[in-house]
Amino acid sequence: MVHRKPFLPQKICPSCQRPFNWRKKWQRDWEHVVYCSERCRRSKSDGSASHP
């Protein structure tokens, strides 16, 4: 089986420091996407490393 999307753009989430790939739902707004998830967006990078 051949992977069809091997070279998607990638960013690092400033909240959890994990890489995340481009998703179709972000196609029109990729340049403004900063966080990998809603959870990370809510917690932001306020110095607390743990999620509630």
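Overview of the structure. (Residues numbered from 1 in each chain as written. Predicted model: local features only at pLDDT ≥ 70, side-chain atom pairs only at ≥ 80, totals over all residues. Heavy atoms only, no water.)

This brings us to the overall build of the protein. In terms of helices and strands, the protein carries one helix and two strands. Reading the helices (α) and strands (β) of the protein from amino to carboxyl end gives β-β-α. The contacts in the protein between residues at least 6 apart in sequence include a share of 15% that link residues at least 24 apart. Working note: accessible area of the protein is about 4,800 Å², and carbon and sulfur atoms make up 51% of it. (Helix = DSSP H or I, 4+ residues; strand = E, 2+ residues; numbered from the N terminus. Contact = heavy atoms within 4.5 Å. Areas by Shrake-Rupley, 256 points an atom, 1.4 Å probe, with all protein chains shown as cover.)

Let us now look at the packing of aromatic side chains. For the structure shown, the criterion picks out three aromatic pairs. For the ring pair Phe-20 and Trp-30, a centre distance of 5.9 Å and an interplane angle of 70 degrees mean the geometry is edge-to-face. Of the two residues, Phe-20 is situated in strand 2 (residues 19–21) and Trp-30 in the loop between strand 2 and helix 1 (38–43); the sequence distance between them amounts to ten residues. Here the two residues Phe-20 and Trp-30 agree in accessibility, since each one is buried. Taken together, the ring pairs connect Phe-20, Trp-26 and Trp-30 into an aromatic cluster. Over the ring of Trp-26 we find Arg-23; its NZ or CZ atom is 5.4 Å from the centre of that ring. (Phe/Tyr/Trp six-rings, centres within 6.5 Å; stacked < 30°, edge-to-face > 60°. Buried < 20%, exposed > 50% of the residue type's maximum accessible area, 1.4 Å probe, protein only. Lys NZ or Arg CZ within 6 Å of the ring centre and 35° of its normal.)

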